[in-house]
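What follows is the residue order along each chain.
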Amino acid sequence: MKKLLLVLATMAICLALLPVGRSSIRADGPTPVSVPAEDGDTSIQADGPTPVSVPAEENANFVDIVAVPQLATVPEGKLEVSDGVVEIPQSVRAPAEEVAVNTPQTDPRGVSPPLPGDFKASAGSVTVMAVWTTDESGNNKSTFNCGNSIRYYGYVNNSTGGMVTAYFQWSVNGPCGPIASWSGYLNAGAGNWWWCLPATIPSNTCAGTYTYELNVTYGGSTSSKSITFTVNCAGGVTVTSVWTTDGSGNNKSTFNCGDSIRYHGYVNNSTGGTVTAYFQWSVNGPCGPIVSWSVYSNADAGNWWWCLPATIPSNACAGMYTYQLSVTYGGSTSSKSITFTVNCAGGVTVTSVWTTDGTDGSRNNKSTFNCGDSIGYYGNIYNNTGSFKTAYFSWSVTGPCGSIASWSGNLTTSNGNVWWYLLTTILSNACPGTYTYQLSVTYAGSTSSKSTTFTVNCGSTDMSFEQTVGGGLSNSFPRANYSFAASAGQSASIRMFAYSGSLNTYIKLYTPDGQLFAEDDDGAGVGYNSFLVRQLPQSGTYRLEATRYGSTSGDYRLRLEAGLEADLGDLDRNCVVDEADRQRMVNSIGTSDQNADLNLDGVVNSIDYSILLGRIGRSCNWIEGTLELLDLEGGCWVVTDNLGVHYELYGPLAGEINRPENIGKRIRIAGRVRTDLVLSCMVGPIFEVFAYEF
Ligand SMILES: [Ca+2]
Ligand SMILES: [Ca+2]
Ligand SMILES: [Ca+2]
């Protein structure tokens, strides 16, 4: 209770130092705010943090804010062909009325072009004798550019001797599919006639070799001829249209925050082959971009549509957005854009937090610090309400020994992305380990938080078994760290004595993975000095923290010895303080034998001898028995040995043993009987646990 009251008093002092309700935000630079870690042992200058508006160029970290769709979310292969087929541009389908059926030519061979060979037709049939292509004036031509006029000619012989109706089919196919087709019934007079289908090479078709074929069917048989011609196009990759849909592909142009959205684009590749083009999707709104994604990708010849599936960020700003798709190929960029609307409730949220080296100029990201280092606690805040809003900000930083920094208060933040920071320093006496920094912002009743962790490495002095170290503790230096290496199963006996000032010693022992393993305040049984014995559970480097109780100060000595010692005075470390130890002590009187200098005052004298004498008979022999919960005094945990003796366990490890799931289990415990303590049950000896095994 004494300790608790002191802690509460300390907390009250610390709270009084905090900038409660203070909002004197200065514009001329950030002010460090630190908060006492513990024990009130800190010299803190409390003041408010300074809001920092983000320079535009430094605020472009929207990639961290919105979920930018990744390539992997695009449907497999990235390319999808509409309706499963290559779409033919509608404009190139020749309407039927454009088919010019020429009047009969009495002497077709006089018409250009000169017809090859002899056109004798078999009797009773309609036969395609020849096909060719010309320009719009009828001049023979077999190489065209995109957009050129073209005429698809056919020379047809009707040997039936009279007018018949036959079925004519024109088809023109190229590397990207058909570019012209027409079919229908036409009357063909007896003799030789030519026919032609006027058309245009589409401006966005693919370059390459095309095949023109004319089929005529009459009387159940079909006659065909085909030729090839060449189309040369400058070629390019262009965006022909863009649109947005919901996640299922239905057209949609008004969304809510959090909705699925697909950004579609229709792209034509008129180069005649597969090329690699640079695709850029960008979506910008009132608070900046919500999507920015680009990729070099192969685009096959012809028309294809692409789509980028995404989600309107839940914290997007409401308003009008512009979606643009740009494709760059061969040095030229083609773009199309459209707008859509987003409706959101709006709020102020934390979107990311991070730590920096704390220097105002460079602000380098940093996540591993040493004690005493400057540190900046940063947070990205997203206000999508459309205007300045005042929100409640709360910074907290906690580590192995509690809080090392905190600040809270109202801050007014502008619309869009803004970052804020709190500059301070890692206390020079902070505990090493992993710290968690969290920033919470509360606005309109809802709180948004982000947290991150960082590491603090603070200097510790190497020490080894059978070594005595020392130093001074004060408000400005309330703890000293020592490191020692040990193996699993090895035991350590540690004592810490004050020899000046008001110092009330306190020992904390941390395992190699940073967990507090054992601690002792006054276990030496001599004044307020400390003595701790433990079997060590892991191999590795342990940290021994020599600290103090309350705000006491003074010089100390700390000694680490190997082995299980029953108590101070178990000089031969055989788990009992007995005559053998007394003899060793007698022999050491007047020497500087540190093993026998029980109170670490630098001399072995009658004081050490009397400490030992008071402990004769104390042992740490193993006890073995069954864990029971006796129905006494509201429940008494005991280990009952084979003689029926109830041992009431004591110390931090007792809490690990005294658990319902262990009732009835056999257990072996090493420790010592404490005759200097009285616990509530009073059913048998009090046994301080040093080590145990079930
Ligand atoms: Ca103490
Ligand atoms: Ca002994
Ligand atoms: Ca001494």
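Parameters at a glance
Residues numbered from 1 in each chain as written. Chains lettered and ligands numbered in written order. Predicted model: local features only at pLDDT ≥ 70, side-chain atom pairs only at ≥ 80, totals over all residues. Heavy atoms only, no water. Donors = N, O, S within 2.8 Å, 3.2 Å for Na, K, Ca; no water. Tetrahedral: all angles 85-135°; square planar, octahedral: opposite > 155°, others 65-115°. Helix = DSSP H or I, 4+ residues; strand = E, 2+ residues; numbered from the N terminus. Buried < 20%, exposed > 50% of the residue type's maximum accessible area, 1.4 Å probe, protein only. Axes fitted to C-alpha atoms, helices over the stretch in contact; angles between N-to-C directions. Parallel < 35°, antiparallel > 145°, perpendicular 65-115°, else oblique. Contact = heavy atoms within 4.5 Å. Nonpolar A, V, L, I, M, F, W, Y, C, P; charged D, E, K, R; others polar. Core = buried A, V, L, I, M, F, W, Y, C linked by side-chain atoms within 4.5 Å. Disulfide = S-S within 2.5 Å. Pairing = 2+ DSSP bridges. Salt bridge = Lys/Arg side-chain N within 4 Å of Asp/Glu carboxyl O. pLDDT = per-residue confidence, 0-100. Arc of directions from axis to C-beta. Polar contact = N/O pair within 3.5 Å; in protein donor to acceptor, adjacent residues only side chain to side chain.

1. Here we look at the coordination of the calcium ion (ligand 1)
The protein atoms donating to the calcium ion (ligand 1) are Asn-504 (OD1), Thr-505 (O), Asp-521 (O), Asp-521 (OD), Asp-522 (OD) and Tyr-528 (O), with metal-donor distances spanning 2.2 to 2.6 Å. Here the calcium ion (ligand 1) binds six donor atoms, and the angle range of 70 to 172 degrees at the metal identifies the geometry as octahedral. Coordination of the calcium ion (ligand 1) draws on donor residues from a single chain, spaced N-T-x15-D-D-x5-Y in sequence. You can see Asn-504 sitting in the loop between strand S29 (491-498) and strand S30 (505-510) and its partner Asp-521 sitting in the loop between strand S31 (516-520) and strand S32 (530-535), a full 17 residues away along the chain. Across this residue pair, the class does not change: Asn-504 and Asp-521 are buried.

2. Quick notes on the coordination of the calcium ion (ligand 3)
Around the calcium ion (ligand 3), the protein contributes the donor atoms Asp-597 (OD), Asn-599 (OD1), Asp-601 (OD), Val-603 (O), Asp-608 (OD) and Asp-608 (OD), at 2.1 to 2.5 Å from the metal centre. Considering all six donor atoms around the calcium ion (ligand 3), the spread of angles at the metal, 53 to 159 degrees, places the coordination shape in the irregular class. Between consecutive donor residues of the calcium ion (ligand 3), the sequence gaps follow D-x1-N-x1-D-x1-V-x4-D. Here Asn-599 matches Asp-608 in class, with each residue buried.

3. Notes on the packing of helix H3 (residues 579-588) against helix H4 (residues 606-613)
Where H3 meets H4, the axes come as close as 10 Å, and the angle between the chain directions of the two elements is 175 degrees. On the basis of their axis angle, the class for H3 and H4 is roughly antiparallel. Each of Asp-581, Arg-582, Met-585 and Val-586 in H3 lies in contact with H4, whose residues at this interface are Asp-608, Tyr-609, Leu-612 and Leu-613. Looking at side-chain class alone, the contact of H3 with H4 contains five nonpolar, no polar and three charged residues.

4. A look at the nonpolar core
Counting residues in hydrophobic clusters, the biggest one holds 34 residues, and the most contacted among them are Tyr-263, Phe-279, Trp-281, Ile-312 and Phe-340. Only strand S10 (237-245), strand S12 (260-269), strand S13 (275-285), strand S14 (288-299), strand S15 (302-311), strand S16 (319-329) and strand S17 (332-343) provide two or more residues apiece to this core. Discounting chain neighbours no more than four positions away, the residues touching Phe-340 are Thr-244, Ser-253, Phe-255, Ile-261, Tyr-263, Val-283, Ile-312, Gly-319, Met-320, Tyr-321 and Tyr-323. Counting 33 residues, the second largest nonpolar core, distinct from the first, contains Trp-182, Ala-188, Leu-197 and Ile-201.

5. Looking at the state of the cysteines
Scanning the entire structure with this criterion turns up one disulfide. With its sulfur 1.8 Å from that of its partner, Cys-636 forms a disulfide with Cys-681. For the disulfide bridge between Cys-636 and Cys-681, the dihedral angle about the S-S bond is near -100 degrees, and by the sign convention the bridge is left-handed. In this pair, Cys-636 sits in strand S36 (residues 636-641) while Cys-681 sits in the loop between strand S38 (666-673) and strand S39 (686-693), placing the two residues 45 residues apart along the sequence.

6. Quick notes on the sheet that holds strand S5 (residues 164-174)
The five strands lie next to each other as S3-S9-S8-S5-S6, forming an open sheet whose pairing is mixed. Lying at the two open borders of the sheet, with one neighbouring strand each, are strand S3 (143-145) and strand S6 (177-188). Geometrically, the sheet is characterised by an average inter-axis angle of 25 degrees between neighbouring strands, direction not taken into account. In terms of strand pairing, S5 meets S6 through eleven bridges, oriented antiparallel. The partner of Asn-173 across the bridge, within S6, is Pro-178.

7. Description of the environment of Pro-478
Among the structural elements, Pro-478 can be located in the loop between strand S27 (467-473) and strand S28 (480-486). Pro-478 sits in the buried class, given a relative accessible area of 0%. The spatial distance from the C-alpha of Pro-478 to the C-alpha of Tyr-549 is 9.4 Å, given a sequence separation of 71 residues.

8. Structural notes on the pattern of salt bridges
This structure, assessed with the given rule, holds 17 salt bridges. A salt bridge links Glu-579 to Arg-582; the nearest nitrogen and oxygen atoms lie 2.9 Å apart. With Glu-579 and Arg-582 both in helix H3 and three residues apart, this pair spans about one turn of that helix. Glu-579 gets classed as partly exposed once you look at its relative accessible area, which sits at 41%. Salt bridges here are not isolated pairs; linked through shared partners, they connect Glu-466, Arg-495, Arg-559, Glu-561, Glu-565 and Arg-573.

9. Points about the confidence of the model for the protein chain
Overall, the prediction assigns the protein chain a mean pLDDT of 77, with 81% of residues at 70 or greater. Averaged pLDDT values over the elements of the protein chain bottom out at 22 in helix H2 (residues 62-65) and peak at 97 in strand S34 (residues 554-562). Of the regions scoring below 50 in pLDDT, residues 1-122 engages in 202 contacts with residues more than four places distant in sequence or in other chains.

10. What about H3?
Along H3, the residues that are buried comprise Asp-581, Met-585 and Ser-588. Relative to the axis of H3, the buried residues are bounded by an arc of 65 degrees and lie together on one face. Taken together, the buried residues of H3 touch H4. Sitting at the head of H3, Asp-578 places a side-chain oxygen 3.2 Å from the backbone nitrogen of Ala-580.

11. A closer look at unusual backbone geometry
Positioned with a positive phi, Arg-573 is a non-glycine residue whose angle comes to about 55 degrees. With respect to the helices, strands and loops of the structure, Arg-573 is situated in the loop between S34 and H3. Of the residues examined, Arg-573 reaches a relative accessible area of 21% and is grouped as partly exposed. If you check the backbone angles, Cys-575 has positive phi at about 70 degrees while not being a glycine. Residue placement: Cys-575 occurs in the loop between S34 and H3.

12. Concerning H4
For H4, the set of buried residues is Asp-608, Ile-611 and Leu-612. Viewed end-on, H4 has its buried residues packed into an arc of 100 degrees, placing them on one side of the element. With a side-chain oxygen lying 3.0 Å from the backbone nitrogen of Ile-607, the N-terminal cap of H4 falls on Asn-605.

13. Comments concerning the environment of Ile-667
With respect to the helices and strands, Ile-667 occurs in strand S38. For Ile-667, a relative accessible area of 1% puts it in the buried group. Along the primary structure Ile-667 and Leu-627 are separated by 40 residues, whereas in three dimensions their C-alpha atoms are 7.1 Å apart. Apart from residues lying up to four places away in sequence, Ile-667 is in contact with Ile-623, Glu-624, Gly-625, Val-639, Ile-657, Tyr-692, Glu-693 and Phe-694.

14. Concerning the sheet that holds S36
Adjacent strands of a sheet form backbone hydrogen bonds with each other and so pair up, either parallel or antiparallel. If you walk around this closed barrel you meet the five strands as S35-S36-S37-S39-S38, and the pairing is mixed. Between one strand axis and the next, the sheet turns by 60 degrees as a mean value, whatever way the strands run. Looking at chain direction, S38 and S39 are connected through six bridges and run antiparallel. Bridge pairing links Ala-670 to Ala-691 in S39.

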